[in-house]
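Residue-level listing of the chains:
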Amino acid sequence: MATEVKLPDLGEGVEDAAVSRWLVKVGDEVSAGDIILEVATDKVDTEVAAPASGKILKLNAGEGEIVSLSAVLAVIGADGESVDDASSEESTPAAADAAPAPESKPQTTADATQSTAQKPPSEKAETSDDGIKATPVAKRVAAEKGISLSGISGTGPGGQVTKDDVLAQSEGDHAPNNEGRDEALPGDLADVAPLEVRRLAADYNISLHEVANGRALSTLTRYDLLNAVAARTGDDEVGKQYLPPQDFAYGAQPAAPAPTATPAPTEATQSAAPPKAAATAAPKLSAAVEVVKPSRMRQLIAQNTFESLQSSPQLTTWHDVDMTAVINHRKAHKAEFAANGVNLTVTAYLIAATITGLKAVPAANGRWTDDGIAIYRTYNIGMAASMPADKYGLGGLIVPVIKNAGDLNLMGIARQVNELAEKARANKVTGPDLQDGTFTVTNYGTSGSVFQTPIIHQGQAGILGTGAIEKRAVVVSNGSPLEANLGDYLSFKPMLTLAFTFDHRVLDGATADAFCVAIKKSLESWQ
């Protein structure tokens, strides 16, 4: 009987994965345990092994395609065995969510077109009845929320609609009749306009109540304000509708103009399309420009870092640390640790001192929520690790987590640092290794950097960056530190600069500095 190849457990929070590279082709013989493909998620790249021995009968996903967690990626069986033996038992969740078929009834033609097993491997996404390409998760969410995929502009590979596109449409739907959002917020929030709408109203000195014209203020969108500005200044006809750009956050763009709309929007859209296409194609036509498609990891780093800066007010404070005590301790105990199979690195000291700082300022080991500030009682420290760069200098970044680091001594922390660093170098980090972090440390000093401004990993209150250790001239005073005296002299000490980026909703400058001072004292007095 044919065997289906599915994704392994990729960890909590992962909803889909992208097929990075197939290592086999149809007709190849494989043994159970052979690595047959590589996939990428928003957390880690993973290898998928063959669950059984046999011949590759079918590949259901092409490279670059985003698939759901339970999708059938390939079928393995004996020579001459029918693919239907495996594919007829289970189809991908997209088909099941869109139209679950009775188990005992044969598939109709329409059902068959929805089944992933019947689709050519070259297709890049699930295709709905109206020809809209969408990921399985996006189709399920759209069905749950009663949203038509035809009105959503996809931002995924090949223009496919993603879950984020559907959620954005649900949160901020824009219809061509300029009625704004359909439903008002509950209770007292009904007459509270979105922040961007209030800012536009202040910038243009427009009354929100006049623009709303009886509607709840919470239903207003930025385009309601732009229409009002255009109507007031006479730059455009009153009936002209400002439509969101293709990549607007809400993801809403009408599939066709409304019957009552004037011809202006259609003409404007048509006239705007050629320049946009030309701008996209220009780099490909120039011999001096090469457009490199980013990896799945690069795309997710771009998305997550951008969203982090957009979702929280981030501030960075710097503190210089004298690392003399740490260097002396490491020199005295390095051989002892090595005898126990542990490489004692400076990173281990930094993580141990970070835990001291988190215990001194517990809010730093927390996060902001709508219900209040959540403070974690365990110390799961993420350790940012860079991935090798390609020929273009495009690398990656993962953050494996040392679980319950507060219960470990220096040797235990150093051992965990060694193990996770080795797994990262060998690309063996798994989903569970990246989960449940409460705070992150990034030691960019290993690459020679002295100062950086780290970006917070969302779901945490801060991230600590540590620069390179370098000798600096430091004034040592035997008297008042601020008044000149004959006892002052220069000393060349190994110095390191801490950079603590924190969520200003959780911490203020004073509490963030208290956290850094606790780390500084721990490192400078290490025994």
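## A look at the overall build of the protein
The number of helices and strands found in the protein is 14 helices and 21 strands. Across the 527 residues of the protein, 42% fall into the buried class. Of the roughly 27,400 Å² of accessible surface on the protein, a fraction of 53% belongs to carbon and sulfur atoms.

## Structural notes on the pattern of salt bridges
Scanning the model with the defined rule gives 10 salt bridges in all. Close ionic contact of Asp28 with Lys25 constitutes a salt bridge, the shortest N to O distance being 3.4 Å. Linking Glu47 and Lys428 is a salt bridge whose minimum nitrogen-to-oxygen distance equals 3.8 Å. With Glu47 in strand β5 (residues 45–49) and Lys428 in the loop between α13 (410–425) and β18 (439–442), this pair connects stretches of sequence that are 381 residues apart. Counted as one network, the salt bridges with shared partners bring together Asp320, Glu470 and Arg472.

## What to know about the packing of helix α12 (residues 346–360) against helix α14 (residues 509–524)
Viewed as axis vectors pointing N to C, α12 and α14 meet at an angle of 135°, and their least axial separation amounts to 8 Å. On the basis of the axis angle, α12 is oblique to α14. Of the two elements, α12 crosses α14, and the hand of that crossing is right-handed. Contacts between α12 and α14 involve Tyr349, Leu350, Ala353, Thr354, Thr356, Gly357, Leu358 and Ala360 from the first element and Phe515, Ala518, Ile519, Ser522 and Leu523 from the second. A class-by-class count of the residues in the contact of α12 with α14 yields 9 nonpolar, 4 polar and no charged.

## What about the packing of aromatic side chains?
Counted according to the given criterion, the structure contains 5 aromatic pairs. Both rings, one in Phe439 and one in Phe500, keep their centres 6.1 Å apart while their planes meet at 40°; by these two values the pair is tilted. Placement of the pair is Phe439 in strand β18 and Phe500 in strand β21 (residues 489–503), with a sequence separation of 61 residues. In this pair, the class of Phe439 matches that of Phe500, namely buried. Clustering of aromatic rings is evident, with ring pairs tying together Phe439, Phe500, Phe502 and Phe515.

## A word on the sheet that holds strand β3 (residues 29–30)
Strand order in the open sheet formed by 4 strands is β1-β8-β6-β3, with antiparallel pairing between adjacent strands. Where the open sheet ends on each side, the last strands, each with one partner, are β1 (3–5) and β3. The pairing of β3 with strand β6 (residues 54–59) spans 2 bridges and is antiparallel. Paired with Val30 across the bridge in β6 is Gly54.

## Concerning the side chain of Asn443
Positionally, Asn443 belongs in the loop between β18 and β19 (462–466). Of the polar contacts made by the side chain of Asn443, one reaches the side chain of Thr466; its length is 2.9 Å. Setting aside its immediate chain neighbours within four residues, Asn443 contacts Thr347, Leu350, Thr466 and Gly467.

## Observations regarding the sheet that holds strand β2 (residues 16–22)
Adjacent strands of a sheet pair through backbone hydrogen bonds, lying either parallel or antiparallel. Overall, antiparallel pairing links the 4 strands, which are arranged β5-β4-β2-β7 in an open sheet. Strand pairing shows two members of the sheet lacking a second neighbour, β5 and β7 (66–68), which therefore form its edges. Strand after strand, the sheet turns through a mean of 40° between neighbouring axes, direction not considered. Bridge analysis of β2 against strand β4 (residues 35–40) gives 4 bridges, and the strand direction is antiparallel. Bridge pairing in β4 links Ala18 to Ala40.

## With respect to the packing of α12 against α13
Viewed as axis vectors pointing N to C, α12 and α13 meet at an angle of 120°, and their least axial separation amounts to 9 Å. The pairing of α12 with α13 is recorded here as oblique in orientation. Helix-helix and strand crossings are classified by hand; for α12 and α13 the assignment is right-handed. In this structure, α12 uses Thr347, Ala348, Tyr349, Ile351, Ala352 and Ile355 to contact α13, whose residues at the interface are Leu410, Ile413, Ala414 and Val417. A breakdown of the residues in the contact of α12 with α13 according to their chemical character gives 9 nonpolar, 1 polar and no charged.

## A few points about the pairing of β4
Each regular strand carries side chains that alternate between the two faces of the sheet. Relative to β5, β4 runs antiparallel, the two sharing 5 bridges. Of the residues in β5, the one forming a bridge with Val39 is Thr46.

## Observations regarding the nonpolar core
One finds Ile381, Leu410, Phe439, Phe500, Phe515 and Leu523 to be the most contacted residues of the largest nonpolar core, which totals 44 residues. Listing elements by their share of this core, those giving two or more residues are α11 (324–339), α12, β14 (381–383), α13, β18, β21 and α14. For this core, the leading source of residues is α12, giving 8 residues. In contact with Ile381, other than residues within four places in its own chain, are Ile351, Ile355, Leu358, Pro400, Val401, Ile402, Ala405, Phe439 and Val441. Counting 22 residues, the second largest nonpolar core, distinct from the first, contains Val5, Val19, Trp22 and Val24.

## Focus on the environment of Ser522
By secondary structure assignment, the location of Ser522 is in helix α14. The class for Ser522 is buried, based on a relative accessible area of 14%. A C-alpha to C-alpha distance of 8.9 Å links Ser522 and Ala352, two positions 170 residues apart in sequence. Residues within four places of Ser522 in sequence aside, it is in contact with Ala353 and Thr356.

Criteria and cut-off values
- Residues numbered from 1 in each chain as written.
- Predicted model: local features only at pLDDT ≥ 70, side-chain atom pairs only at ≥ 80, totals over all residues.
- Heavy atoms only, no water.
- Helix = DSSP H or I, 4+ residues; strand = E, 2+ residues; numbered from the N terminus.
- Buried < 20%, exposed > 50% of the residue type's maximum accessible area, 1.4 Å probe, protein only.
- Areas by Shrake-Rupley, 256 points an atom, 1.4 Å probe, with all protein chains shown as cover.
- Salt bridge = Lys/Arg side-chain N within 4 Å of Asp/Glu carboxyl O.
- Axes fitted to C-alpha atoms, helices over the stretch in contact; angles between N-to-C directions.
- Parallel < 35°, antiparallel > 145°, perpendicular 65-115°, else oblique.
- Left-handed = near helix turned anticlockwise from the far one by under 90°.
- Contact = heavy atoms within 4.5 Å.
- Nonpolar A, V, L, I, M, F, W, Y, C, P; charged D, E, K, R; others polar.
- Phe/Tyr/Trp six-rings, centres within 6.5 Å; stacked < 30°, edge-to-face > 60°.
- Pairing = 2+ DSSP bridges.
- Polar contact = N/O pair within 3.5 Å; in protein donor to acceptor, adjacent residues only side chain to side chain.
- Core = buried A, V, L, I, M, F, W, Y, C linked by side-chain atoms within 4.5 Å.

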